[in-house]
Amino acid sequence: MSDNTKRGFIFAAILLAILFTLGLRIDHPKSGLRNALGSASSSVAVYWHHSQISAGEKVVVDSGKPGLDPVLAIVNNVNTDYVDIQTDDGFQRLPIKNVKGSLVMVFPFIGTLLGAIGI
């Protein structure tokens, strides 16, 4: 490996560590809203981990349903204790602590590979 390649890997690792410290997270959703390129379970979600959300935001949540978490959803209403979300299964009210964070981007098809190896 050349020195420039090593520096690139080191820079990328440091950048990812800083972003993780600031709240950037990556997760493999098991269910939720579809996108134009496929289902939620066939993708990998990148989100900001924080507790301030608003109506209309796309979020990653834990629904409390075994085998279906985490879920990609849209926020319909926010209360001090609860959040109303819309998923592919319909509407659901969850405690606000179940919201993992706001969706930044979705990488399609990578989730299919992760599902094949059991992640």
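Residues numbered from 1 in each chain as written. Predicted model: local features only at pLDDT ≥ 70, side-chain atom pairs only at ≥ 80, totals over all residues. Heavy atoms only, no water.

K.L.:
Account for the overall build of the protein, with residues named and values stated.
P.N.:
Across its full length, the protein carries two helices and eight strands. Based on the C-alpha atoms only, the size of the protein along its principal axes is roughly 55 × 30 × 25 Å. Sorting the 119 residues of the protein into buried and exposed places 30% on the buried side. Approximately 7400 Å² of the protein is accessible, and the part contributed by carbon and sulfur atoms is 62%. For the protein, the separation between the mean place of its 10 positive charges and that of its 9 negative charges on side chains is 6 Å. (Helix = DSSP H or I, 4+ residues; strand = E, 2+ residues; numbered from the N terminus. Buried < 20%, exposed > 50% of the residue type's maximum accessible area, 1.4 Å probe, protein only. Areas by Shrake-Rupley, 256 points an atom, 1.4 Å probe, with all protein chains shown as cover. Lys, Arg positive; Asp, Glu negative; His and termini not counted. Charge placed at Lys NZ, Arg CZ, Asp CG, Glu CD.)

K.L.:
Residues and numbers for helix 1 (residues 3-22), please.
P.N.:
In this model, helix 1 (20 residues) spans 29 Å end to end at C-alpha, consistent with the 28 Å of a helix rising 1.5 Å per residue. Positive backbone phi, approximately 120°, marks Gly-23, located one or two places after helix 1. (Expected span 1.5 Å × (residues − 1).)

K.L.:
Account for the environment of Ser-63, with residues named and values stated.
P.N.:
As for its placement among the helices and strands, Ser-63 is situated in the loop between strand 4 (58-61) and strand 5 (71-78). For the pair Ser-63 and Gln-52, spaced 11 residues apart in sequence, the C-alpha separation works out to 18 Å. Residue contacts for Ser-63: discarding those within four places in its chain leaves Asp-69, Val-71, Gln-92 and Leu-94. In terms of polar contacts, Ser-63 uses its side chain to reach the backbone amide nitrogen of Lys-65, at 3.3 Å. (Contact = heavy atoms within 4.5 Å. Polar contact = N/O pair within 3.5 Å; in protein donor to acceptor, adjacent residues only side chain to side chain.)

K.L.:
Quick rundown of the nonpolar core? Include the residues and the values.
P.N.:
Of all hydrophobic cores here, the largest spans 10 residues; its members are Ile-53, Val-59, Val-61, Val-71, Ala-73, Val-75, Val-83, Ile-85, Leu-94 and Val-99. If you list the elements that add at least two residues to this core, you get strand 4, strand 5 and strand 6 (82-87). Sort the elements by how many residues they give to this core and strand 5 lands first, with three residues. Not counting chain neighbours up to four residues away, the residues in contact with Val-61 comprise Asp-69, Pro-70, Val-71, Ala-73, Ile-85, Leu-94, Asn-98, Val-99 and Lys-100. (Core = buried A, V, L, I, M, F, W, Y, C linked by side-chain atoms within 4.5 Å.)

K.L.:
I'd love a proper account of the pairing of strand 8 (residues 99-108), names of residues and values included.
P.N.:
Bridge count for strand 3 (residues 43-48) against strand 8 is six bridges, and the pairing is antiparallel. Its bridge partner being in strand 8, Trp-48 is matched across the sheet by Ser-102. Both strand 4 and strand 8 contribute to a ladder of three bridges, which runs antiparallel. Bridge pairing in strand 8 places Val-59 opposite Ser-102. (Pairing = 2+ DSSP bridges.)

K.L.:
Describe the pairing of strand 4, with residues and values.
P.N.:
Looking at chain direction, strand 4 and strand 5 are connected through four bridges and run antiparallel. Bridge pairing in strand 5 places Val-60 opposite Leu-72.

K.L.:
Account for the pattern of salt bridges, with residues named and values stated.
P.N.:
Enumeration according to the criterion identifies two salt bridges in this entry. Asp-27 is paired through a salt bridge with Lys-100; the nearest N and O atoms lie 2.6 Å apart. Separated by 73 residues along the polypeptide, Asp-27 in strand 1 (residues 24-27) and Lys-100 in strand 8 bring together distant segments of the chain. We note a salt bridge from Asp-84 to Arg-93, for which the minimum N-O separation is 2.7 Å. Judged by relative accessible area, Arg-93 falls into the exposed class, the value being 56%. (Salt bridge = Lys/Arg side-chain N within 4 Å of Asp/Glu carboxyl O.)

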